[in-house]
Amino acid sequence: MDFNMKKLASDAGIFFTRAVQKAQCPVEDLRPREGLLLCVRSPAVDPSPSGDASSLEFIGQPLSIQKFTEEKFGQAEKTELDAQFENLLARADSTKNWTEKILRQTEVLLQPNPSARVEEFLYEKLDRKVPSRVTNGELLAQYMAEAASELGPTTPYGKTLIKVAEAEKRLGAAERDFIHTASIGFLTPLRTFLEGDWKTISKERRLLHNRRLDLDACKARLKKAKAAEAKATAEQELRVAQTEFDRQAEVTRLLLEGISSTHVNHLRCLHEFVESQTTYYAQCYRHMLDLQKQLGSSQGAIFPGTFVGTTEPTSPPLSSTSPTTAAATMPGGPSVASLAPPGEAALRLEEVAPPASGTRKARVLYDYEAADSSELALLADELITVYSLPGMDPDWLIGERGNKKGKVPVTYLELLS
C-alpha cells in the first residue's frame, strides 16, 4: 500500500509539538487558529467567577485573534484584497497542489516500490547518499546468466539465455541512467520549489494575514472611540497598521507574481524530462531490436533444415497491417522487407517449388495484408501450406493457398505437427 511518508512525518511532528505545548500550558483545549494559539483555561486551574468570555486567555496577539474570531462569527468587517491579488493567491495555491501531485506520481513512475521510496526519503532527510540499487532488468539478467551457467552455456537454451541476459543488462543500465537523469533534471526543481520558494510564500502570506487582522482591529477601535484623545490615538495606530499592511501586501504580491517564473522553469524541466524519456525508450527499442536479430539468426543455426516458429499462439502485432507499417512508426527500425536478404527481393514465386524435405500445414493466427506482390495475404484461422527455402530469412516462410503463393511472416502462424 502506498502512502505519503512526508505527510506522516509532518503529522507526527505536529502531534509532538502540541503535546509539549499542552504540557507547558495547563489548558483543556489548544486550538490553532491561522498560526495563532488560543488557550481555554480550565476552571480548576484558573477559575472565573463570571464563567463568561473572561475565561479566555489569548496567547500571541490578542487583538488579532479576537478580530479573527469575530470575523468567523460575522460580527466584524474584513478588509478585502483586490481581485488581481486574489487571482494571484488562487494561482499560487493551484501551482503548489499540482506540483505536489506531479512530483508524487513521477516518484511512483521512477520507483514503483513504496518501500524503496521510503528508504530514499529517509536517506535524503538524514543527508546521506542513497545506496546504489540493482534494477529489475539487471537482476533478471543476473538470474538468466546463472541459469545458463548451471544448465549448460553451450546448449541452445543456455546460449539464448546468455544473449537475453546481456540485453536485459543493457536495458537495466538504460533504466538506471533514465532514473538518474529524471531525478536531477525534473524531480529536484519541483522539490526545490515546494521546500524553498513555497515556504517563503506561505510565511509572507501568514504575515499579511496578521497585518490585515491588526488593521481591521484598529479600524474597529477607531469606530468605538468616543473621546477626542482616544480617537487621535486610534487614528495614529490605524495609519501605522495601514502602512505595515500595504508594505506586506506589496512583498507578498511580488512573491506571488514570481510564480510565472516558476512555471517557465518547470516548463524547461518538463522538456528535459521528455527528452530523457525519449532517449530511454529509444535505447530500449534498439537493444530489443538487436536481440531479436541475434535470436532470429541463431534459430537457423540451432534448428537447420527445420521450420522456425512456435506451436503456441503469440501475442498479436501492434496493428492489423503489415509489419512494414508497424515498424515504420519506430525511428531507426528496419522494415520487414529490408530484413530479407538482397537476393530474395528478386525471388520469382512462379519458379519456387516445394523442397524435397516436404511441406507443413500452418494455422493463421491473425489477419495479414500483403505489402507487395511477393507476399501472401492471410486471414485469421485459415489453413495454409508452408515451407522454407535454403538461404531464406528465418522470420519468413513460403505459403501456398490453392494456386496462390507468397512469403508469409512466421509470427502470424501456428505450425501444426
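Undergrad: Report on the sheet that holds strand 5 (residues 383–387), specifying residues and quantitative values.
TA: Sheets are built from strands that pair by backbone hydrogen bonding, the pairs being arranged parallel or antiparallel. Taken in spatial order, the five strands of this open sheet run 7-6-5-4-8, and their pairing is antiparallel. The open sheet has two free edges, formed respectively by strand 7 (404–409) and strand 8 (413–415), since each of these has just one partner strand. Across the sheet, the axes of successive neighbouring strands diverge by a mean angle of 40°, strand direction being ignored.

Undergrad: Provide a residue-level description of the packing of helix 6 (residues 156–224) against helix 7 (residues 228–257), including the pertinent values.
TA: Packing of helix 6 against helix 7 leaves a shortest axis separation of 8 Å and a crossing angle of 160°. Taken together, helix 6 and helix 7 sit at an angle that is classed as roughly antiparallel. As helix 6 runs across helix 7, the sense of the crossing is left-handed. Tallied by class, the residues present in the contact of helix 6 with helix 7 amount to 14 nonpolar, four polar and eleven charged.

Undergrad: Residue-level account of the nonpolar core, with values.
TA: Membership of the largest hydrophobic core comes to 30 residues, with the highest contact counts inside it found for F178, F186 and L256. For this core, the elements supplying multiple residues, two or more each, are helix 3 (83–110), helix 6, helix 7 and helix 8 (259–302). The greatest single-element share of this core, amounting to 14 residues, is contributed by helix 6. The contact partners of F186, leaving out residues within four places of it in the chain, are I102, T106, T181, C269, L270 and F273. Within the second largest apolar cluster, 20 residues are counted, among which are L365, L376, Y387 and V410.

Undergrad: Could you give me a rundown of the pattern of salt bridges, with the residues and numbers involved?
TA: Tallied over the entire structure, the rule returns 13 salt bridges. For R191, the salt bridge identified is with E107, shortest N-O distance 2.9 Å. Of this pair, R191 sits in helix 6 while E107 is found in helix 3, placing the two residues 84 residues apart along the sequence. The salt bridge involving D381 is made with R363; its shortest N-O contact spans 3.2 Å. Linking D381 in the loop between strand 4 (360–364) and strand 5 with R363 in strand 4, this pair joins segments that are 18 residues apart in sequence. Classification of D381 by relative accessible area gives exposed; the value is 56%.

Undergrad: With reference to specific residues and values, describe the pairing of strand 6 (residues 396–401).
TA: With five of six residues buried, strand 6 lies mostly within the body of the structure. Note: strand 5 against strand 6, three bridges, orientation antiparallel. Paired with V386 across the strands is G399, a residue of strand 6. Strand direction decides the pairing type here: strand 6 and strand 7, joined by six bridges, are antiparallel. Considered in strand 7, the bridge of E400 is made with K405. Joining the antiparallel neighbours strand 6 and strand 7 is a turn of two residues, in which G402 adopts a positive phi near 65°.

Quick notes on the rules
- Residues numbered from 1 in each chain as written.
- Predicted model: local features only at pLDDT ≥ 70, side-chain atom pairs only at ≥ 80, totals over all residues.
- Heavy atoms only, no water.
- Pairing = 2+ DSSP bridges.
- Helix = DSSP H or I, 4+ residues; strand = E, 2+ residues; numbered from the N terminus.
- Axes fitted to C-alpha atoms, helices over the stretch in contact; angles between N-to-C directions.
- Parallel < 35°, antiparallel > 145°, perpendicular 65-115°, else oblique.
- Left-handed = near helix turned anticlockwise from the far one by under 90°.
- Nonpolar A, V, L, I, M, F, W, Y, C, P; charged D, E, K, R; others polar.
- Core = buried A, V, L, I, M, F, W, Y, C linked by side-chain atoms within 4.5 Å.
- Buried < 20%, exposed > 50% of the residue type's maximum accessible area, 1.4 Å probe, protein only.
- Contact = heavy atoms within 4.5 Å.
- Salt bridge = Lys/Arg side-chain N within 4 Å of Asp/Glu carboxyl O.

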